[in-house]
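Here are the chains, one letter per residue:
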Amino acid sequence: MAETALPVALDRESPEPLAVQLADALRSAASEGRLRAGDRLPSTRALAESLQVSRTVTAAAYEQLHAEGWIAGRHGSGTYVTTTPPGPLRKRSRKPVVPAITDFVDLGTGAPWASGLDRAAWRRAWRAAADTPPLFRPERAGLPDYREAIAEHLLRHRGLAVNADPVLATGGTTAVLTEIAVAVLKRGDAVAVEEPGYQRAVGVFRAAGLKVVQAAVDAEGLLPDAVPAGVKAVYCSPAHQYPLGGRMSAGRRVALVERARRDGWLVIEDDYDGELRYDVAPLPSLAALAPDVVVHLGTTSKILTPTLGAGWMVAPEHIATAVLEHRDLTGTSPAAAGQRVVVELARMGDLGRHLRKLRRELSERRALIIDTFADAGIKVLGDDAGAHVVVLLPSAEQERELMRLALERGLRVDGLARHYVNRAKLHGLVIGYSACSREQLVNALPVLTELLTS
């Protein structure tokens, strides 16, 4: 059956939300007979394209009309006007159309899109990994095949040309930060950390007896001149600063490594979201710019799953030697099982396929959020990258209140305040979009829009 041409005109100058206007127009058309029982409606995607609005607008309008009984979906066929309209036209509502959230939706940060992993590829990799013989002794630097696979990954996806020798396997970013804090630095040493920044790194450094000092960031990442004198190391996330989402500019990168060489710093580069850029190719890593003073850290936790417990470090020889000696002293080494799975995923091409799929999915989700918020006049902070966005708010009180209200509506969102060591200078919501499903995100966005504009 052909789709029905819809009698809809939206007024973008009106204070009425577009989803409300669309639902009202369709409701009126059905009530007045311009849409008749059995008429097939366009898909939400097709209607969004024809009206030049975000798909969230059309999805919210359809869901509201479905809840009221004006339309119904038929599996595998489409959406139709109902046989029996639900009665007289209801009075226009001035409240946004907000679909019901029936399940708790995790919009926090730090979680991967684990549901997007190809289950057949996942099982195949584990079976292949299990076919390898067990180790007689742990590989303190990591499995040779894993180190080679990571070297290839860094070349293809991060432009970092290294062979397997300087690549060490790790148990993940937090695990290797702990090793560096104990094996490379000394108790009482000062370490500069981005402010706001990754508080787990702060906790690791403090637990090792290091003095943590703050270095300010802005839209272009860490400010090299803001790093206090006398530090032994600087921890930063130049690819996609966590949590504000900026990318360290080329000029900043040069300034940072020049000062590191002059003042004797070790630069710890957490390549957070380094593989997840959607607008342009990523800038070269700091390790590619200055391998003599930079320790490059990466993990599979965000691009695959933390189940594997597999990460990597590329470091100057004396740093790698210190970490390996620490492993010998403590009898620790990264687990081999996760490394073997990564090797098999890479060998069969599944890792590369998943990364392409991941970039496409998260790019579309980010665009959905940006478009929805833009329609409501909400500004978003950060580069076109990664798996979270930031919406700034005027006060700490509003940040806390919106987090509370979101939780009451079934949404878990993060706040900026907890990412500061000292008193927060910026306030806002940090909204992740990788842990939830696409459907959950579509349903959550009208709720967030309502909370942010009310």
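None of the values given here were measured: they were computed from a predicted structure.

**Focus on the overall build of the chain**
Assigned secondary structure in the chain consists of 14 helices and 16 strands. With the C-alpha coordinates of the chain rotated into their principal frame, the extents come out at 80 × 50 × 35 Å. Among the 454 residues that make up the chain, the fraction classed as buried is 54%. In the chain, of all internal contacts separated by at least 6 residues, the share reaching a separation of at least 24 is 73%.

**Topic: the side chain of T44**
Its location among the elements puts T44 in helix α2 (residues 44–51). Assessed through its relative accessible area of 16%, T44 is described here as buried. Here the side chain of T44 touches R55 through a polar contact of 3.1 Å, side chain to side chain. For T44, the contacting residues outside a window of four places in its chain are R55, T58, A59 and Y62.

**Let's talk about the packing of helix α6 (residues 173–183) against helix α10 (residues 317–330)**
Contact pair α6 / α10: the axes reach a minimum separation of 9 Å and the direction vectors enclose 95°. Accordingly, the angle class assigned to the pair α6 and α10 is roughly perpendicular. Across the interface between the two elements, E179, I180, V182 and A183 from α6 touch A322, V323, H326 and R327 from α10. Residues belonging to the contact of α6 with α10 are distributed by class as follows: five nonpolar, one polar and two charged.

**Here we look at the sheet that holds strand β8 (residues 221–222)**
One open sheet accounts for eight strands, arranged β5-β12-β11-β10-β9-β6-β7-β8; its pairing is mixed. At either margin of the open sheet sits one strand with a lone partner, and together these are β5 (167–170) and β8. In this fold helix α5 (residues 144–158) packs onto β5, β11 (294–299) and β12 (311–314), with an angle of close to 75° to the strand it touches most, β12. Packing against the sheet, α10 makes contact with β5, β10 (266–270), β11 and β12, and its axis sits at approximately 35° to β5.

**Considering unusual backbone geometry**
Residue E195 is joined to P196 through a cis peptide bond whose omega torsion reads 0°. Inspection of the secondary structure puts P196 in the loop between β6 (190–195) and α7 (199–207). Backbone torsion omega between Y242 and P243 reads 15°, so that peptide bond is classified as cis. Within the fold, P243 resides in the loop between β9 (233–236) and α8 (250–263). Located in the positive-phi region is D273, a residue other than glycine, with phi close to 60°.

**Focus on helix α12 (residues 350–375)**
In a regular helix each residue adds 1.5 Å, so 26 residues correspond to 38 Å; α12 covers 37 Å between its end C-alpha atoms and thus fits that length. Within two residues after α12, G377 carries a phi angle of roughly 75°, on the positive side.

**Here we look at the sheet that holds strand β16 (residues 427–432)**
Adjacent strands of a sheet pair through backbone hydrogen bonds, lying either parallel or antiparallel. The three strands lie next to each other as β13-β16-β15, forming an open sheet whose pairing is antiparallel. Each edge of the open sheet is held by one strand with a lone partner, namely β13 (388–393) and β15 (414–415). Across two bridges, the pairing between β15 and β16 is antiparallel. Looking at β16, one finds that D414 is bridged to V430. Sitting on the sheet, helix α13 (residues 396–408) is in contact with β13, β15 and β16, with an inclination near 35° to β16.

**Focus on the nonpolar core**
Counting 82 residues, the largest nonpolar core has L107, Y146, L222, F373 and I431 as its most contacted members. Apart from the residues lying within four places of it in its own chain, the contact partners of L107 are L411, R412, V413, V430, I431, G432, C436, L441, A444 and L448.

**With respect to helix α14 (residues 438–453)**
Across its 16 residues, α14 extends 23 Å between first and last C-alpha, which sits within 8% of the 22 Å expected from 1.5 Å per residue. Of all bends in α14, the biggest is about 30°, found at A444, and the proline P446 comes one to four residues later. When we look at burial in α14, the residues that qualify are L441, V442, N443, A444, L445, P446, V447, L448, T449, E450, L451 and L452.

**Considering the packing of aromatic side chains**
As enumerated under the stated definition, the model contains four aromatic pairs in all. Ring geometry for W122 versus W126: centroids 5.8 Å apart, planes at 75°, classification edge-to-face. In this pair, W122 and W126 are both assigned in helix α4 (residues 119–130), four residues apart and thus about one turn of the helix distant. Under the relative-accessibility criterion, W122 is labelled buried at 17%. Taking the relative accessible area as the measure of exposure, W126 reaches 32% and is therefore partly exposed. With a centroid separation of 6.2 Å and an interplanar angle of 75°, the aromatic rings of F205 and Y235 are classed as edge-to-face. With a gap of 30 residues between them, F205 in helix α7 and Y235 in strand β9 connect regions that are remote in the sequence. Y235 shares its class with F205; the two are buried.

Here is what the cut-offs are and how they apply
- Residues numbered from 1 in each chain as written.
- Predicted model: local features only at pLDDT ≥ 70, side-chain atom pairs only at ≥ 80, totals over all residues.
- Heavy atoms only, no water.
- Helix = DSSP H or I, 4+ residues; strand = E, 2+ residues; numbered from the N terminus.
- Buried < 20%, exposed > 50% of the residue type's maximum accessible area, 1.4 Å probe, protein only.
- Contact = heavy atoms within 4.5 Å.
- Polar contact = N/O pair within 3.5 Å; in protein donor to acceptor, adjacent residues only side chain to side chain.
- Axes fitted to C-alpha atoms, helices over the stretch in contact; angles between N-to-C directions.
- Parallel < 35°, antiparallel > 145°, perpendicular 65-115°, else oblique.
- Nonpolar A, V, L, I, M, F, W, Y, C, P; charged D, E, K, R; others polar.
- Pairing = 2+ DSSP bridges.
- Expected span 1.5 Å × (residues − 1).
- Core = buried A, V, L, I, M, F, W, Y, C linked by side-chain atoms within 4.5 Å.
- Bend = angle between axes of the 7 residues up to and from the residue.
- Phe/Tyr/Trp six-rings, centres within 6.5 Å; stacked < 30°, edge-to-face > 60°.

Everything listed here is a matter of coordinates, which is why it stays silent on function.
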